[in-house]
Amino acid sequence: MKRHFLVIIVCFFSMISFSQSSENQNFNLDFEIQSEKEELPDGWIKWGDYDLKVDETIKYFGKQSVLIENGKEVDFGSIAYKLPSNYKGKKITLEGYMKLENVTDGFAGLILRIDKDGKSIAFDNMQDKKIDGTKDWQKYSITLPFDNTSDHVFVAGILAGKGKAWFDNFTVKIDGKNINELKQVERELPLAEKDKEFDSGSKISLSNLNDTQKRNLFVLGKVWGFVKYHHPEIASGNVNWDYELFRILQKIDRKDFDKELVAMITKLGDFKTEKKSLPKEDDIKLKPRTEWITNTNLISTELATLLQKVNDAKRKGENYYIDLHFGVGNPDFTNEKTYAKMSYDDSGVKLLALFRYWNMIEYFFPNRHLIDENWDQVLKDFIPKIIEGSEELTYKLNVLELIGKIQDTHASIWGRDKTIETFYGNNIGPIEVTFVEEKLVVTRLHEEFKDNNLTVGDVITEVEGVKVTDWIKNNLKYTPASNYPTQLRNISLKFYEQMKLV
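Residues numbered from 1 in each chain as written. Predicted model: local features only at pLDDT ≥ 70, side-chain atom pairs only at ≥ 80, totals over all residues. Heavy atoms only, no water.

## Considering the overall build of the chain
Of regular secondary structure, the chain possesses 13 helices and 16 strands. Taking the principal axes of the C-alpha coordinates as reference, the chain spans close to 75 × 70 × 50 Å. Buried positions account for 48% of the 502 residues belonging to the chain. In the chain, 73% of the contacts between residues at least 6 apart in sequence involve partners at least 24 apart. (Helix = DSSP H or I, 4+ residues; strand = E, 2+ residues; numbered from the N terminus. Buried < 20%, exposed > 50% of the residue type's maximum accessible area, 1.4 Å probe, protein only. Contact = heavy atoms within 4.5 Å.)

In structure tokens:
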């Protein structure tokens, strides 16, 4: 089974349009309504290359079910339905029936996904349940936390691997009530989402930064992130903090910039403070690094005093920009606006990306203390780097280098990114290689390989005139991983998956 089917599902879900009315109604979740001209039940959409068809012979309920069958060498097959999400409630449940026949090399499952601003904020496809083999009709269910500020909900059935899977009689419930019996509600947008001034871009263009700009941007990056996660007014969703960044970036040349920061924070309004009861020292695994807010060698006394007050703010425990994943407890960076159509000469959006990432790591990365480099220095170094150039490739390589600074193999630009793939090359080599004692060694020759001069065990020293050692030296920084051997492992995949290196 190929590894990309989940990414494809994500892309697919973002493209489906929704045309239902806003009144409560009977959604066609049981597959029973089907217009004569439609191949699938009304409202249901096929994705993937597996065969999908209505089956009137094998069914659990009513007159028909839907069958997904793998007859091709592709990733997955899925049948999906899009629902509105403007309902009141805290939990959403998808129930459905599945019947399996000889499912191998993969799994079958239901899918429940909640989307907001073009990205998934909650998702389950039952892959971890490892449902395979041959099984008669059984009822399955998925429950996720429900966010009624989301844009829409997707329900689907999926088959990945070989075999057949039938799906029938889906039901969606919110807090235990059938969605067909619920009325949609008009949703009042948070004030943060009503601010539309910079929807088309920040209109900020910076280059060849002087010392004043570099200093101000460094302080801004730290202050902007600290206030984002500590100020109660931002936590309430009343401020579009991205756009406040774009506004103050217009003043980045000023030598009295700290006064502008004070004005920006003061404009948020007053708030109550309280003395915090801290956990016992032995219970603290990683302390927040907020000592800098008292450092008057870095920032003005007025700004330091204000930031200390923000640090002592009385907070409700909820934040518009940060939540915890249901059942796991790891950070969920919700409500972060995406800029899918960003211009790569937009310095404001690129700095926003840098400041977002840097502060996410600063305040929420559990292994921050294991980062070899000084994290403040990383911010200083990447401020001029991230805004350089106006090309997509330059920006994404800089982002890869930034990601690599945290030394975590799980962090990278995931998915099929055409720009990065083209950088490594578009030709797939008919050989497989790995590093042995830091030398690139041939481990397998595919049947279509015709060069009789190359055999398993040979060491490759050059590819198209580029020395392997030089390529590693120049590109290691674009290969995020926890250690050097893992970087070499990932680089070896580049050599045989995208063999053209120049």
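## Some remarks on the packing of aromatic side chains
Counting across every chain of the model gives 22 aromatic pairs. Here Y229 and Y363 contribute two aromatic rings whose centre-to-centre distance is 6.0 Å and whose plane-to-plane angle is 65°, an arrangement assigned as edge-to-face. Here Y229, found in helix 3 (residues 211–230), pairs with Y363, found in helix 8 (residues 347–364); they are 134 residues apart in sequence, far enough to count as distant. Here the two residues Y229 and Y363 agree in accessibility, since each one is buried. Feature note: the residues F31, W44, Y81, F167 and F170 constitute an aromatic cluster, connected by ring pairs. Of note, K228 hangs over the ring of Y321, and the distance from its end group to the ring centre comes to 4.8 Å. The ring of F382 is capped by K385, whose NZ or CZ atom sits 5.9 Å from the centre of that ring. (Phe/Tyr/Trp six-rings, centres within 6.5 Å; stacked < 30°, edge-to-face > 60°. Lys NZ or Arg CZ within 6 Å of the ring centre and 35° of its normal.)

## Examining the pattern of salt bridges
If you walk through the whole model with that rule in mind, you get 27 salt bridges. Residues E69 and K164 are paired through a salt bridge, measuring 3.9 Å at the closest nitrogen-oxygen approach. With E69 in strand 3 (residues 65–69) and K164 in strand 8 (residues 152–174), this residue pair connects regions lying 95 residues apart in the sequence. Given a relative accessible area of 25%, E69 falls into the partly exposed group. The partner of E244 in a salt bridge is R247, and the shortest N-O contact between them spans 2.8 Å. Linking E244 with R247, this pair stays in helix 5 (residues 241–249), spanning 3 residues, or about one helical turn. Sharing partners across several salt bridges, the network here consists of D195, E197, E244, R247 and K267. (Salt bridge = Lys/Arg side-chain N within 4 Å of Asp/Glu carboxyl O.)

## Points about the sheet that holds strand 12 (residues 431–436)
Strand pairing in a sheet relies on backbone hydrogen bonds, with the paired strands running either antiparallel or parallel. Pairing in this open sheet of 3 strands is antiparallel, and the strands run 12-13-14 from one edge to the other. This sheet does not close on itself; its edge strands, each paired only once, are strand 12 and strand 14 (459–460). Of the pairings in the sheet, the one linking strand 13 (residues 439–445) to strand 14 comprises 2 bridges and is antiparallel in character. In the strand pairing of strand 14, V441 is matched with V459. (Pairing = 2+ DSSP bridges.)

## Considering the packing of helix 3 against helix 8
Two numbers describe how helix 3 lies on helix 8: the axes approach to 9 Å, and their chain directions differ by 60°. In this view, helix 3 runs oblique relative to helix 8, as classed from their interaxial angle. In this structure, helix 3 meets helix 8 at a crossing whose hand is right-handed. Residues L217, L220, G221, K222, W224, G225, F226, K228, Y229 and H230 of helix 3 touch helix 8, and the partners they reach there are L351, L352, F355, R356, W358, N359, M360, Y363 and F364. The residue inventory of the contact of helix 3 with helix 8, partitioned by class, reads 12 nonpolar, 4 polar and 3 charged. (Axes fitted to C-alpha atoms, helices over the stretch in contact; angles between N-to-C directions. Parallel < 35°, antiparallel > 145°, perpendicular 65-115°, else oblique. Left-handed = near helix turned anticlockwise from the far one by under 90°. Nonpolar A, V, L, I, M, F, W, Y, C, P; charged D, E, K, R; others polar.)

## Digging into the side chain of S78
Note that S78 resides in strand 4 (residues 76–84). In contact with S78, not counting residues within four places along its chain, are I45, K46, W47, L52, I68, I111, A156, G157 and I158.

## Comments concerning the nonpolar core
The biggest cluster of nonpolar side chains holds 70 residues, and the ones touching the most others in it are L220, L307 and L351. At the level of secondary structure, the elements contributing two or more residues to this core comprise helix 3, helix 5, helix 6 (257–266), helix 7 (301–311), helix 8, helix 9 (375–387) and helix 10 (392–404). The element contributing the most residues to this core is helix 8, with 10 residues. Residues L29, L52, Y140 and L144 belong to the second largest nonpolar core, which totals 40 residues. (Core = buried A, V, L, I, M, F, W, Y, C linked by side-chain atoms within 4.5 Å.)

## Description of helix 7
Every buried residue of helix 7 is listed here: L303, A304, L306, L307 and V310. Here the buried residues of helix 7 occupy an arc of 165° about the axis, which is enough to place them on one side. Here the buried face of helix 7 lies against helix 3 and helix 6. (Arc of directions from axis to C-beta.)

## Some details on the packing of helix 6 against helix 7
Packed helix pairs are characterised by how far apart their axes lie and by the angle those axes make with each other. Remark: helix 6 packs on helix 7, axes separated minimally by 9 Å, with the N-to-C direction vectors making an angle of 30°. Considered as vectors, helix 6 and helix 7 are oriented roughly parallel to each other. The way helix 6 lies across helix 7 gives a crossing that is left-handed. Taken together, the residues of helix 7 that come into contact with helix 6 (itself represented by D258, K259, L261, V262, I265 and T266) are E302, L303, L306, L307 and V310. Looking at the contact of helix 6 with helix 7, its residues break down into 7 nonpolar, 1 polar and 3 charged.

## A short note on helix 9
An ideal rise of 1.5 Å per residue puts 18 Å on 13 residues; helix 9 measures up with 19 Å between its terminal C-alpha atoms. Of all the bends in helix 9, the greatest, near 30°, is centred on D381, and the proline P384 appears no more than four residues after it. Along helix 9, the positions that sit buried rather than exposed are W375, V378, L379, F382, I383, I386 and I387. Turning to helix 9, the residues buried within the fold contact helix 3, helix 8 and helix 10. Backbone nitrogen of D376 and a side-chain oxygen of the N-cap are separated by 2.9 Å at the start of helix 9; the cap is N374. Immediately downstream of helix 9, the backbone of G389 shows phi near 70°, a positive value. (Expected span 1.5 Å × (residues − 1). Bend = angle between axes of the 7 residues up to and from the residue. Polar contact = N/O pair within 3.5 Å; in protein donor to acceptor, adjacent residues only side chain to side chain.)

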